[in-house]
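# Structural characterization, general
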Amino acid sequence: MRRRWNLFRKKVARKELVFYTNNMIISQDFYLSDPIVAARALVGAYLCRRMPDGTVIRAQICELELYTEAERGCHAYAGRSTARNNAMFMTGGCAYVYLCYGLHNMLNVVLGRAGTAAAVLIRALEYPGCNGPGRLTRVLGITRADNKMGLTGGADIWIEPRPGPVEIIAGPRIGIDYAGDDAALPWRFCLAGSDMLSAPAG
């Protein structure tokens with residue numbers, strides 16, 4: 001059984017979690033840390049998916065967006081829980097998968113403690129055909145059936161930390177003009193130099 005990773009430290013000057021690992025699974029403690037810190041630390045980490053034939057796809061996360069109940073871009077703004085978004089209120093370290101426009105499954109990683117909604121939308125991976133949130137779930141075979149799946153047990157989906165610091169480009173999130181002033185929050189985090197982003201960084 002794969003060892004769970006539970007060692008991380010905060011680089012105070014940049015508010016960033018720095019990893020020291022050797023292909024271990026990120027533990028739940030990580031997901032309970034400050035959502036902005038955790039979101040930045042997931043850039044460059046490796047999303048792993050065990051496919052039906054037993055093979056494992058291991059792809060570096062190069063783009064993600066943070067959403068919390070405190071801002072209007074979030075499905076759970078002001079603590080609004082629905083049948084669609086209630087996974088966001090679970091203890092951090094599980095998947096929140098929702099259907100967008102009735103077509104595309106969107107994979108999110110839940111952050112924070114139970115009862116407070118926060119999650120990151122995984123927008124792109126360093127893997128062929130994964131330069132968009134709907135595209136990557138199609139390639140990895142992730143569907144609503146994976147909603148609320150735990151990500152710390154190494155079963156079908158898990159995340160392995162990056163081996164060291166990376167350069168991150170932050171900017172506004174995509175497609176949330178309805179969020180008013182909150183649309184300008186620089187909560188889209190991209191891996192600098194990646195050519196697999198869903199849209200240009202910054």
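The text that follows walks through the structure, step by step, so that each part is easy to find.

Criteria and thresholds
- Residues numbered from 1 in each chain as written.
- Predicted model: local features only at pLDDT ≥ 70, side-chain atom pairs only at ≥ 80, totals over all residues.
- Heavy atoms only, no water.
- Helix = DSSP H or I, 4+ residues; strand = E, 2+ residues; numbered from the N terminus.
- Contact = heavy atoms within 4.5 Å.
- Phe/Tyr/Trp six-rings, centres within 6.5 Å; stacked < 30°, edge-to-face > 60°.
- Buried < 20%, exposed > 50% of the residue type's maximum accessible area, 1.4 Å probe, protein only.
- Pairing = 2+ DSSP bridges.

## Here's the deal with the environment of Cys74
Among the secondary structure elements, Cys74 is positioned in the loop between strand 6 (56–68) and strand 7 (95–100). Spatially, the C-alpha atom of Cys74 lies 9.2 Å from that of Ile176, the residues being 102 residues apart in sequence. The residues touching Cys74, leaving out its near neighbours within four places in the chain, are Tyr67, Thr68, Glu69, Arg80 and Met88.

## Considering the packing of aromatic side chains
If you walk through the whole model with that rule in mind, you get two aromatic pairs. Taken together, a centroid distance of 5.2 Å and an interplanar angle of 85° make the contact between Phe30 and Tyr31 edge-to-face. As far as burial versus exposure is concerned, Phe30 and Tyr31 are alike and both buried. Considering the side-chain rings of Tyr96 and Tyr98, the 5.4 Å spacing of their centres and the 35° angle between planes classify their relative orientation as tilted. When its relative accessible area of 9% is taken as the criterion, Tyr98 is described as buried.

## Considerations on the pairing of strand 8 (residues 104–110)
For strand 8, the buried fraction is high: six of the seven residues fall into the buried class. By the bridge criterion, six bridges tie strand 7 to strand 8 in an arrangement that is antiparallel. Among the inter-strand pairings, Cys100 is bridged to a residue of strand 8, identified as His104. If you look at the hairpin formed by strand 7 and strand 8, you'll find three residues sitting between the two strands, and Tyr101 has a positive phi there, around 55°. Pairing analysis gives three bridges linking strand 8 to strand 9 (residues 118–126), with the strands arranged antiparallel. Bridging across to strand 9, Asn108 finds its partner in Leu121.

## Things to note about the environment of Ala117
When you line up the elements, Ala117 lands in the loop between strand 8 and strand 9. We classify Ala117 as buried; its relative accessible area is 1%. Taking C-alpha positions, Ala117 is 6.9 Å from Gly79, a pair spaced 38 residues apart along the chain. Excluding its chain neighbours within four sequence positions, the residues that come into contact with Ala117 are Thr68, Glu69, Ala76, Met88 and Phe89.

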